[in-house]
Amino acid sequence: MRKNFHKAFLLLSLAGFISFNPPQNEDELLKKKKAEELAHKFIIVDGHVDLPYRLHGKMEDVSVQTTAGDFDYVRAKKGGLSAPFMSIYVPSKLQQTPGDSKALADSLIDMVENLTTQFPDKFALAKSPADIEKNFRKGLISLPMGMENGSPIESNLANLDHFYKRGIRYITLCHGENNLICDSSYDTTSTWQGLSPYGRKVVLEMNKLGIMIDCSHISDNTFEQVVKMSKAPVIASHSSCRFFTPGFQRNMSDEMITMLAQKNGVIMINFASSFLDETANNYSKNKAAEVAKWAKEHNVAVNSPEARAFDEEYSKNQPMKLTNVEKVADHIDHVVKLAGITHVGLGSDFEGVGPTLPDGLKDCSQLPNLIYILLKRGYSENDIQKICYQNIFRVWKDVEKVARKM
């Protein structure tokens, strides 16, 4: 037994699987090996990766390993990430000028399409679960797309059809501010007390077209109204459990998670430390208050370059205490306890939360670390398969079925 253990340890070390102190027992070693195998055996869907907006700020060749960011082809292949939803993120500030939101969304979609034409041996578009399965068999990384913020729809429902034809398969109804569709979890003005009259039309049109409704970022009132109104299951593409971060409206309460499950939906856990851990969340709140105070004292906007510089200096001098990969598993455990194994997935928010990612999940190459923790906690291969992709595939297919009947 001892001889076999050392042989297995040597093989894993050579493969680069172990970069820390050797495990203390053979069972731990075998679970690490199994985690690596499963990460590449199963499709892994990530509900939210902000790569397009990162490249919008500074173009990089992500077909090779980059020094910046959390995602590129090399690291995705290493970690087994086979289907990251490309977030077509549109900042709330663009809502003020008609046409700006839609123009940016189209530009970011162009960028994703260009990745697949420039590197056809590495990336491929995906507009359905079947596309992802086909690409996976070919060894390609699928790039399905979801739009973060419904502002590019503007006041024209025909734009929903436009974006569906361009490959958008979920839409996060709003972002950091209320918009024409609904109220945001981050905005305290409660413009609509949930969905606007126009927003109700948007929900039904999304059902009709087969676009998944993403409830991340929306207010509690909006969520309740969407769940009651939608004819199809809904998702939260990158949210975590409010149970661990009391008072943080951006995360989902136990009641919301239960409602989501009753609708046959799925919550995809966000990896940001401030979403996972109360201490990190309190740090974020305190920092935001300090930045707002400084901005007011210096008569500048909170999102001004000067205020952002102060924010960066604050973070440098008083860094956030990060959580670790175990905490992501805690959130998965909590959803499973509340709603069952069929209602949880992964929505990292890679490229969107940067330095706040937890130890053990610093980028997409480290996804096997999470699978290892789940194996340690007694999750079966079938359970892990559901978390990695089967749950979101079920919702996606259900949404398509509803559309065909409407």
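For the structure, see preceding data.
None of the values given here were measured: they were computed from a predicted structure.

Asker: Let's hear about the packing of aromatic side chains: which residues, and what values?
Answerer: Tallied over the entire structure, the rule returns 13 aromatic pairs. Measuring from centroid to centroid gives 5.2 Å for Phe248 and Phe275, while their planes differ by 85 degrees, and the two rings are edge-to-face. Residue Phe248 is located in the loop between strand S8 (235-236) and helix H10 (254-262), and its partner Phe275 is located in helix H11 (residues 273-276); the two are separated by 27 residues in the primary sequence. Phe275 matches Phe248 in its accessibility class, with the two residues each being buried.

Asker: Which residues make up empty space enclosed by the protein, and what values go with them?
Answerer: Applying the stated rule across the entire model yields 2 cavities of 30 Å³ or more. One number sums up the size of the largest cavity: a volume of about 40 Å³. Lining the largest cavity are Cys215, Ser216, His217, Ile218, Ser239, Gln249, Arg250, Asn251, Met252 and Met256. The residue inventory of the lining of the largest cavity, partitioned by class, reads 4 nonpolar, 5 polar and 1 charged. Approximately 30 Å³ is the volume attributed to the second largest cavity. With 3 residues, helix H15 (residues 367-376) is the largest single contributor of residues to the lining of the second largest cavity. Each residue belonging to the lining of the second largest cavity can be placed in one class, and the counts come to 5 nonpolar, no polar and no charged.

Asker: Please give an account of the nonpolar core that cites residues and values.
Answerer: Within the largest apolar cluster, 110 residues are counted, with the highest numbers of intra-cluster contacts made by Ile332 and Leu370. Setting aside anything within four residues of it in sequence, one finds Ile332 in contact with Ile269, Val344, Leu346, Leu370, Leu374, Tyr379 and Ile387.

Asker: Break down the layout of surface pockets for me, with residues and values.
Answerer: Considering only enclosed or pocket space, the largest pocket measures out at about 2,100 Å³ in volume. If you go around the largest pocket, you meet 43 residues; those closest to its centre are His175, Tyr186, Lys287, Asp311 and Gly352. Contributing elements (two or more residues each) for the lining of the largest pocket: helix H3 (51-57), H11, helix H12 (278-297) and helix H13 (305-317). Top element by residues in the lining of the largest pocket is H12. It accounts for 7 residues. Taken together, the residues that form the lining of the largest pocket break down as 16 nonpolar, 15 polar and 12 charged.

Asker: Let's hear about H10: which residues, and what values?
Answerer: Turning to H10, its buried residues number three or more, namely Met256, Ile257, Leu260 and Ala261. Down the axis of H10, the buried set is contained in an arc of 135 degrees. They therefore lie on one face. More than 90 degrees from the buried face of H10, the exposed residues found are Glu255 and Gln262. The first or second residue beyond H10 is Asn264, which carries a positive phi of 70 degrees.

Asker: So what's going on with the packing of H12 against H13? Which residues, and what values?
Answerer: Here H12 crosses H13 at 140 degrees, and the two axes come no closer than 10 Å. Compared by their axis directions, H12 and H13 come out oblique. You can see that H12 and H13 cross each other, and the crossing is right-handed. Of H13, the residues touching H12 (which contributes Tyr283, Asn286, Lys287, Glu290, Val291, Trp294 and Ala295) are Glu306, Ala307, Phe310, Asp311, Tyr314 and Ser315.

Asker: Tell me about the packing of helix H2 (residues 26-41) against H15, residues and numbers included.
Answerer: Two numbers describe how H2 lies on H15: the axes approach to 8 Å, and their chain directions differ by 125 degrees. Viewed along their axes, H2 and H15 adopt a mutual orientation that is oblique. Where H2 crosses over H15, the handedness of that crossing is right-handed. Contacts between H2 and H15 pair Glu28, Lys31, Lys32, Lys34, Ala35, Glu36, Leu38 and Ala39 from the former with Pro368, Ile371, Tyr372, Leu375 and Lys376 from the latter. A breakdown of the residues in the contact of H2 with H15 according to their chemical character gives 7 nonpolar, no polar and 6 charged.

Definitions and limits used
- Residues numbered from 1 in each chain as written.
- Predicted model: local features only at pLDDT ≥ 70, side-chain atom pairs only at ≥ 80, totals over all residues.
- Heavy atoms only, no water.
- Phe/Tyr/Trp six-rings, centres within 6.5 Å; stacked < 30°, edge-to-face > 60°.
- Helix = DSSP H or I, 4+ residues; strand = E, 2+ residues; numbered from the N terminus.
- Buried < 20%, exposed > 50% of the residue type's maximum accessible area, 1.4 Å probe, protein only.
- 1 Å grid on protein atoms, 1.4 Å probe; cavity = no way out; pocket = protein on both sides within 12 Å on 5 of 7 lines; lining within 4 Å.
- Points joined across faces, edges and corners; volume = space filled by probe spheres on them.
- Nonpolar A, V, L, I, M, F, W, Y, C, P; charged D, E, K, R; others polar.
- Core = buried A, V, L, I, M, F, W, Y, C linked by side-chain atoms within 4.5 Å.
- Contact = heavy atoms within 4.5 Å.
- Arc of directions from axis to C-beta.
- Axes fitted to C-alpha atoms, helices over the stretch in contact; angles between N-to-C directions.
- Parallel < 35°, antiparallel > 145°, perpendicular 65-115°, else oblique.
- Left-handed = near helix turned anticlockwise from the far one by under 90°.

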